[in-house]
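Letter by letter, the chains look like this.
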Amino acid sequence: MNKLTGKVAVVTGASKGIGAGIAKALAAEGAAVAVNYASSREGADRVVTEITANGGKAVAIQGDMSKAADVKRLFAETKTALGTPNILVNNAGIFEFGPFEEVSEEQFHQHYNINVLGPILTTQEAVKYFPAEGGSVINISTIASINPVPYSMLYASSKAAVDTMSMALAKELGPRNIRVNMVAPGFTDTEGNKAFVGSEIGQNLAATTPLGGRFGKPEDIAPVVVFLASDDAAWLTGERISASGGVH
């Protein structure tokens with residue numbers, strides 16, 4: 001039997017990149033997966049098609065995770081289509097890099113609404129649905145939350161907030177057998193940063209990765225999420241695992 005047979009997972013921001021890799025890995029281990037997307041219906045449908053073609057079960061559900069009404073609809077539709085969720089992966093996020101002096105109010109609110117408020121709203125809703133035996137929340141962080149690079153102040157600080165929130169929630173929700181953990185990817189090759197991956201700076205950074213001297217891939221990160229979602233991690237909460245090839 002697969003690790004996640006009988007489980008139902010909600011993965012936010014799962015139409016591409018790390019989120020898509022996580023959704024496919026959870027499904028491969030037996031979970032039914034709600035593939036959330038904000039704008040890319042085509043990408044989400046591709047992920048669902050790949051999952052179902054391999055014998056899994058998944059549905060695509062649109063929703064902006066910084067809006068409470070969308071979050072409520074996401075969980076209601078997940079339960080109707082797949083059953084009661086007991087895994088939540090907060091992957092939806094935004095990242096923009098630039099000089100501190102140029103950060104605008106709009107950029108600030110966009111980063112904190114999506115990267116911080118979003119996981120708060122989804123976790124609030126998830127715990128209403130999680131069964132009496134508990135569940136697992138996995139928040140996708142970044143190595144930049146504790147070791148930021150120049151021009152990453154806004155993104156890195158929003159993810160540092162996610163780290164602290166996760167540790168606090170692990171203590172608050174532990175008595176209800178709800179585990180809250182973090183996965184912190186390093187330099188990762190996704191659709192969202194192709195220009196950086198192909199740049200000289202990007203290649204130089206990739207070369208500093210102890211394992212292989214390369215960028216990570218979504219399939220390098222997804223197995224860590226599967227582990228944290230599974231009963232193999234039943235005694236882990238409040239933990240932060242760097243899935244970074246050794247970069248810290």
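Going by the structure above, here's the rest.
The numbering scheme is per chain: residues are counted from 1 as the chain's sequence reads. Per-residue local features of the predicted model are confined to residues with pLDDT of at least 70, and side-chain atom pairs are confined, for both listing and counting, to 80 or more; whole-chain, interface and lining totals are unaffected and use all residues. Calculation of side-chain values draws on the structure's entire complement of heavy atoms; hydrogens and water are dropped beforehand.

Asks: Would you mind going over the packing of aromatic side chains with me for this structure?
Replies: The relation between two aromatic rings is expressed through the spacing of the ring centres and the mutual angle of the planes. Note on aromatic contacts: the rings of Phe and Tyr and the six-membered ring of Trp form a pair at centre separations within 6.5 Å, being stacked when their planes are under 30 degrees apart, edge-to-face when over 60 apart, and tilted otherwise. Under the definition given, this model contains six aromatic pairs. A ring pair is formed by F108 and Y112, whose centres lie 4.6 Å apart and whose planes are at 20°; its orientation type is stacked. Of this pair, F108 and Y112 both sit in helix α4 (residues 105–129), separated by four residues, roughly a single helical turn. With relative accessibility at 37%, the residue F108 sits in the partly exposed group. By the criteria applied, helices consist of DSSP H or I runs no shorter than four residues and strands consist of E runs no shorter than two, each listed in order from the N terminus. When a residue's accessible area, from a 1.4 Å probe over protein chains only, is under 20% of the maximum for its type it is buried; when over 50% it is exposed; and in between it is partly exposed.

Asks: In this structure, what is going on with helix α3 (residues 68–82)? I would like to understand it.
Replies: For an α-helix the count is 3.6 residues per turn, leaving residues at separations of three or four pointing the same way. How far a helix is expected to stretch is found by multiplying one less than its residue total by 1.5 Å. Helix length check: α3, at 15 residues, gives a terminal C-alpha distance of 21 Å against a target of 21 Å (1.5 Å per residue), a fit within 8%. Three or more residues of α3 are buried, namely D70, V71, L74, F75, T78 and L82. One side of α3 holds all its buried residues, which, seen down the axis, span an arc of 135°. What points out from α3, more than 90 degrees from its buried face, is the exposed set A69 and T80. The contact definition used throughout considers only heavy atoms, calling two residues in contact when any of these lie within 4.5 Å. As for α3, its buried residues are in contact with β1 (8–11), β2 (32–37), β3 (58–62), β4 (87–90) and α4. With its phi angle positive at about 115°, G83 sits one or two positions after the end of α3. The directions from the helix axis to the C-beta atoms form the arc being described.

Asks: Can you walk me through the side chain of N115 in this structure?
Replies: Mapped onto the elements, N115 comes out in helix α4. Throughout this description, a polar contact denotes any pair of N or O atoms lying within 3.5 Å of each other; where both atoms belong to protein, one of them has to be capable of donating a hydrogen while the other can accept it, and for residues adjacent in sequence the pair is counted only when both atoms sit in side chains. Of the polar contacts made by the side chain of N115, one reaches the backbone nitrogen of I94; its length is 2.9 Å. Among the polar contacts listed, one links the side chain of N115 to the side chain of S158, at a separation of 3.0 Å. Setting aside its immediate chain neighbours within four residues, N115 contacts A92, G93, I94, Y155, S158 and V162.

Asks: So what exactly am I meant to see when it comes to the sheet that holds strand β7 (residues 240–243) here?
Replies: Within a sheet, each strand pairs with its neighbour through backbone hydrogen bonds, oriented either parallel or antiparallel. Strands were regarded as paired on the criterion that DSSP finds at least two bridges between them. With respect to topology, seven strands assemble into an open sheet ordered β3-β2-β1-β4-β5-β6-β7, the strand pairing being parallel. A strand with exactly one partner marks an edge of an open sheet, and here the two such strands are β3 and β7. When strand polarity is set aside, the average angle formed by the axes of neighbouring strands in this sheet is 20°. Relative to strand β6 (residues 178–185), strand β5 (residues 135–140) runs parallel, the two sharing six bridges. Of the residues in β6, the one forming a bridge with S136 is R179. Lines fitted to C-alpha atoms define the axes here, with helix axes fitted over just the stretch in contact, and angles between the N-to-C directions of these axes take values from 0 to 180 degrees. Sheet strands touched by α3: β1, β2, β3 and β4. Its angle to β3, the strand with the most contacts, is close to 160°.

Asks: Explain a nonpolar patch on the surface to me, please; I cannot follow it from the model alone.
Replies: A residue counts toward a patch only above 30% relative accessible area and without a salt bridge, and it is joined to like-charged neighbours within 9 Å or, for Val, Leu, Ile, Met, Phe, Trp and Tyr, to nonpolar neighbours within 5 Å. Surface exposure here means Shrake-Rupley accessible area, sampled with a 1.4 Å probe, where a residue is shielded only by the protein chains that are shown. Should a side-chain nitrogen of Lys or Arg be within 4 Å of a carboxyl oxygen of Asp or Glu, the pair is scored as a salt bridge. Residues F95, F97, V149 and Y151 make up a contiguous nonpolar surface patch of about 410 Å² in total accessible area. Positionally, Y151 belongs in the loop between β5 and α5 (153–173).

Asks: Is there a simple way to think about the side chain of D163 in this case?
Replies: Relative to the assigned elements, D163 resides in helix α5. Non-local contacts of D163, meaning those with residues more than four positions away in its chain, are made with S141, S145, I146, M182 and R240.

Asks: Any chance you could explain the packing of helix α1 (residues 17–28) against helix α2 (residues 41–53) here in plain terms?
Replies: To characterise two packed helices, one gives the angle between the axes of the helices and the distance between these axes. At a closest axis distance of 10 Å, the pairing of α1 and α2 adopts a crossing angle of 20°. Taken together, the axes of α1 and α2 lie roughly parallel to each other. Relative to α2, the crossing made by α1 is right-handed. The residues of α2 that touch α1, namely those facing A20, A23, K24 and A27, are V47, E50 and I51. Here the word oblique covers every angle except those under 35 degrees (roughly parallel), over 145 (roughly antiparallel) and from 65 to 115 (roughly perpendicular). Here a crossing is taken to be left-handed if its near helix is turned anticlockwise relative to the far helix by less than a right angle, and right-handed if that turn runs clockwise.

Asks: Any chance you could explain the pattern of salt bridges here in plain terms?
Replies: Pairing of side chains with opposite charge becomes possible as their charged atoms draw close. Evaluated as defined, the whole model comprises eleven salt bridges. For D45, the salt bridge is made with R41, and the minimal N-O distance between the two is 2.9 Å. Taken together, the residues D45 and R41, both in helix α2 and four residues apart, mark about one turn of the helix. In this structure, the salt-bridge partner of D163 is R240, at a minimum N-O distance of 3.1 Å. One end of the pair, D163, is in helix α5; the other, R240, is in strand β7, and 77 residues separate them in sequence.

Asks: Teacher, can you tell me more about the nonpolar core here?
Replies: Soluble globular proteins tend to pack their nonpolar side chains together in the buried interior. Take the buried residues of types Ala, Val, Leu, Ile, Met, Phe, Trp, Tyr and Cys, join any two whose side-chain atoms come within 4.5 Å, and each joined set is a nonpolar core. Core analysis: the largest hydrophobic core is formed by 35 residues, its most contacted members being I22, L26, V33, V35, V89, I138 and V183. At the level of secondary structure, the elements contributing two or more residues to this core comprise β1, α1, β2, α2, β3, β4, β5 and α8 (218–229). Ranked by size, the runner-up nonpolar core spans 26 residues in total, among them I61, L88, Y129 and V162.

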